[in-house]
Every structure is written in C-alpha cells, then in structure tokens.
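# Reading the structure
This is what each chain is made of:
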Amino acid sequence: MIRGDGGRTIRAILDRICNKWTLLIVATLDGGTLRFTELQQQIPGISQRMLTLTLRNLERDGLVSRTVFAEVPPRVEYALTPTGRSLIPPALTLANWAITNVPAIEASRAAYEQR
C-alpha cells in the first residue's frame with residue numbers, strides 16, 4: 001500500500017487527518033453529537049468556511065455523520081462514525097508522544113538556533 005501507488009493513498013488520508021482542524025473537530029465530537037454552531041463555538045479560531053469544508057471532507061471520508069432534521073429552521077447534527085471513533089486512540093497516543101517529547105524538542109530547537 002505504501003509503495004504500490006507511490007504512497008498517494010496513505011498521503012491523502014494522512015493529509016486529511018493531520019490538517020489543522022480535523023483532530024480538533026474529531027476530539028470535540030468525541031464528547032457527543034453537536035450542531036454546527038455548537039461545534040464552531042467549541043473550536044476557537046475556526047471560521048465558518050473551514051468548519052464547513054472540514055466537516056464535508058470528514059463526512060465524505062466516513063469519519064463523521066451528518067443528520068438533517070426536517071424542521072423549520074432545519075436542524076443539522078454531526079457525530080463521529082465508528083471509523084471516526086477509531087481515530088481517537090492513535091490521536092491520543094500521538095498527542096502523548098508530543099507532550100512527553102516537548103522538552104527534548106525545545107532543547108533541540110534552541111541548540112539549532114544558536115548555531
């Protein structure tokens with residue numbers, strides 16, 4: 001899979017998962033189903049456009065489900081799918097790795113800047 005197509009498939013998936021907003025949206029939805037406005041309020045700094053685009057891509061990739069209720073005004077809710085939930089453990093592992101290695105990374109950056 002990695003070498004068969006030059007890594008294009010895996011790169012495309014990792015690009016989606018590792019973009020600026022995806023993990024924040026997934027982590028926020030890990031708490032339960034939310035409406036668009038609730039999501040936007042819980043993710044500081046995300047624009048309406050970026051939230052819309054990211055949710056659309058996550059829905060397309062099967063990580064988030066979108067449910068529209070036939071009400072006036074229409075109500076739309078977003079939730080993690082089982083595939084989206086399966087992203088939480090590896091994301092937490094990566095976050096823990098980053099937290100554990102912050103001192104070493106910062107020391108390396110400081111040493112690099114002094115050269």
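Cut-off values and rules
- Residues numbered from 1 in each chain as written.
- Predicted model: local features only at pLDDT ≥ 70, side-chain atom pairs only at ≥ 80, totals over all residues.
- Heavy atoms only, no water.
- Salt bridge = Lys/Arg side-chain N within 4 Å of Asp/Glu carboxyl O.
- Helix = DSSP H or I, 4+ residues; strand = E, 2+ residues; numbered from the N terminus.
- Buried < 20%, exposed > 50% of the residue type's maximum accessible area, 1.4 Å probe, protein only.

The subject of this paragraph is the pattern of salt bridges. Between side chains of opposite charge, a pair can form as their charged atoms come close. Evaluation of the coordinates by the stated rule reveals 4 salt bridges. Notably, a salt bridge pairs Arg 16 with Asp 61, separated by 2.7 Å at the nearest N-O pair. Of this pair, Arg 16 sits in helix H1 (residues 8–17) while Asp 61 sits in the loop between helix H4 (48–60) and strand E2 (64–69), and the two are 45 residues apart along the sequence. By relative accessible area, which is 35% here, Asp 61 ends up partly exposed. Among the charged side chains, a network of salt bridges with common partners joins Glu 71, Arg 75 and Glu 77.

This next bit is on the environment of Pro 44. In this structure, Pro 44 sits in the loop between helix H3 (36–42) and H4. Sequence separation between Pro 44 and Asn 101 is 57 residues; the distance between their C-alpha atoms is 25 Å.

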